[in-house]
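Next come the chains, spelled out residue by residue.
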Amino acid sequence: MNPDIILSHLGFSDKEIKVYMSCLELGTAPMIHIAKRARLKRANTYVIMNKLKEKGFAECFLKKHVRHFGVVSP
């Protein structure tokens, strides 16, 4: 089954799916890289990543004084 379909059944929006899948591809990364991969504006990506954090699918941590973001692997 297509991962996008599974994520949409879990309640993910289209943009949340883009950000989640981009994070899976990148691993942990700064927001600018995630936004570029998802082809979304960085500010929008922050909002979406915070929603994913609230749902328990994402995390944030500091790496060399830069915030990195990642998602929980399915």
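Bear in mind that the values here come from a model prediction, so they are computed numbers and not experimental data. (Residues numbered from 1 in each chain as written. Predicted model: local features only at pLDDT ≥ 70, side-chain atom pairs only at ≥ 80, totals over all residues. Heavy atoms only, no water.)

A.B. asks: Describe in detail the pairing of strand β2 (residues 66-71), supporting the description with residues and values.
C.D. replies: Sheet topology note: the strand β1 (residues 58-63)/β2 ladder contains six bridges and is antiparallel. Among the inter-strand pairings, Cys60 is bridged to a residue of β2, identified as Phe69. (Pairing = 2+ DSSP bridges. Helix = DSSP H or I, 4+ residues; strand = E, 2+ residues; numbered from the N terminus.)

A.B. asks: Run through the nonpolar core, naming residues and quoting values.
C.D. replies: Membership of the largest hydrophobic core comes to 17 residues, with the highest contact counts inside it found for Phe12, Val19, Tyr20, Cys23, Ile34, Met49 and Leu52. Those elements giving two or more residues to this core turn out to be α2 (14-26), α3 (31-38), α4 (42-54) and β2. By residue number, the principal contributor to this core is α2, which donates four residues. (Core = buried A, V, L, I, M, F, W, Y, C linked by side-chain atoms within 4.5 Å. Buried < 20%, exposed > 50% of the residue type's maximum accessible area, 1.4 Å probe, protein only.)

A.B. asks: Before we move on, could you go through the pattern of salt bridges and cite the residues and values that matter?
C.D. replies: All chains considered together, the criterion is met by two salt bridges. Between Lys55 and Glu16 there is a salt bridge; the shortest N-O distance is 3.0 Å. Taken together, the residues Lys55 in the loop between α4 and β1 and Glu16 in helix α2 connect sequence positions 39 residues apart. When its relative accessible area of 38% is taken as the criterion, Lys55 is described as partly exposed. When its relative accessible area of 5% is taken as the criterion, Glu16 is described as buried. Glu25 is paired through a salt bridge with Arg37; the nearest N and O atoms lie 2.8 Å apart. Placement of the pair is Glu25 in helix α2 and Arg37 in helix α3, with a sequence separation of 12 residues. A residue is classified by how much of its surface remains accessible, and Glu25, at 53% relative accessible area, is exposed. Judged by relative accessible area, which is 41%, Arg37 ranks as partly exposed. (Salt bridge = Lys/Arg side-chain N within 4 Å of Asp/Glu carboxyl O.)

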